[in-house]
Amino acid sequence: QVQLVESGGGLVQSGDSLRLSCAASGRTFSFSRYTVGWFRQAPGKEREFVAAISSFGARTWYADSVKGRFDISRDNAKNTIYLQMNTLKPEDTANYYCAARVGGIAVTDEYDYWGQGTQVTVSS
């Protein structure tokens, strides 16, 4: 089992930056082997893929809506994944979740473990 806890959300203004963290615990001795993704869900909308990073960080993938503004990274020594979000827009407002899976990058919700989420609100 892997437990994931997100942090770093908050209320910011359009154009600001935030860095989200996803801390893993549990069977973390193997955490470096997990692919980790970030998803988000806004009120009344379906959950959508944001970004993902492969097990040892060799590959990353982004949704078109965040490409060039968001950056995903990982520190396997700290069992933590980061999502640096720059030039935030009101449409980025959502609850952000991290998720982990054994296997390659997936842009659908085919992940084995999920966190509880952290709220990001961007005001115009």
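Relevant structure appears above.
Residues numbered from 1 in each chain as written. Predicted model: local features only at pLDDT ≥ 70, side-chain atom pairs only at ≥ 80, totals over all residues. Heavy atoms only, no water.

Caption draft 1: Quick peek at the sheet that holds strand S1 (residues 2-7). Strands sit in the order S1-S3-S8-S7 across an open sheet of four strands; the sheet is antiparallel. The open sheet has two free edges, formed respectively by S1 and strand S7 (70-75), since each of these has just one partner strand. Neighbouring strand axes in the sheet, compared pairwise and without regard to direction, differ in orientation by 15° on average. Where S1 meets strand S3 (residues 18-26), six bridges bridge the pair, whose relative direction is antiparallel. The residue bridging Leu4 from the neighbouring strand is Ala24, located in S3. (Pairing = 2+ DSSP bridges. Helix = DSSP H or I, 4+ residues; strand = E, 2+ residues; numbered from the N terminus. Axes fitted to C-alpha atoms, helices over the stretch in contact; angles between N-to-C directions.)

Caption draft 2: Representation of the packing of aromatic side chains within the structure. The final tally for this structure, using the stated rule, is six aromatic pairs. The interplanar angle of 65° and the centroid separation of 6.1 Å between the aromatic rings of Tyr34 and Tyr113 together place this pair among those described as edge-to-face. You can see Tyr34 sitting in strand S4 (residues 34-41) and its partner Tyr113 sitting in strand S10 (residues 113-114), a full 79 residues away along the chain. Residue class for Tyr34 comes out buried when judged on its relative accessible area of 7%. Centroid distance Phe39 to Tyr111: 5.3 Å. Interplanar angle 80°. Geometry classified as edge-to-face. Here the residue Phe39 occupies a position in strand S4, and Tyr111 occupies one in the loop between strand S9 (94-102) and S10, the gap between them amounting to 72 residues. For the pair shown, Phe39 and Tyr111 are each scored as buried. An aromatic cluster of at least three residues, connected via ring pairs, comprises Phe39, Phe49, Tyr111 and Trp114. Against the face of Tyr111 rests Arg101, its NZ or CZ located 5.7 Å from the ring centre. (Phe/Tyr/Trp six-rings, centres within 6.5 Å; stacked < 30°, edge-to-face > 60°. Buried < 20%, exposed > 50% of the residue type's maximum accessible area, 1.4 Å probe, protein only. Lys NZ or Arg CZ within 6 Å of the ring centre and 35° of its normal.)

Caption draft 3: Quick peek at the side chain of Thr93. Relative to the helices and strands, Thr93 is located in the loop between strand S8 (80-85) and S9. Engagement of the side chain of Thr93 in a polar contact is seen with the backbone oxygen of Pro90, the distance being 2.9 Å. Here the side chain of Thr93 touches Val122 through a polar contact of 2.9 Å, landing on its backbone nitrogen. Dropping the residues within four chain positions of it, Thr93 is found in contact with Ala42, Gln119, Val120, Thr121 and Val122. (Polar contact = N/O pair within 3.5 Å; in protein donor to acceptor, adjacent residues only side chain to side chain. Contact = heavy atoms within 4.5 Å.)

Caption draft 4: Spotlight on the nonpolar core. Judged by nonpolar contacts, the single largest core of 37 residues is most densely connected at Leu4, Trp38, Leu83, Met85 and Tyr96. Among the secondary structure elements, those contributing two or more residues to this core are S1, S3, S4, strand S5 (48-53), S7, S8, S9 and strand S11 (118-123). Dropping the residues within four chain positions of it, Met85 is found in contact with Asp16, Ser17, Leu18, Leu20, Arg69, Phe70, Tyr96 and Val120. (Core = buried A, V, L, I, M, F, W, Y, C linked by side-chain atoms within 4.5 Å.)

Caption draft 5: Focus on the side chain of Glu6. Tracing the chain through its elements places Glu6 in strand S1. It is Arg47 that comes nearest to the buried, bridge-free Glu6 among opposite-charge side chains, at 8.5 Å. There is a polar contact of 2.9 Å between the side chain of Glu6 and the backbone nitrogen of Cys98. At 3.1 Å, the side chain of Glu6 forms a polar contact with the backbone nitrogen of Gln116. (Lys, Arg positive; Asp, Glu negative; His and termini not counted. Salt bridge = Lys/Arg side-chain N within 4 Å of Asp/Glu carboxyl O.)

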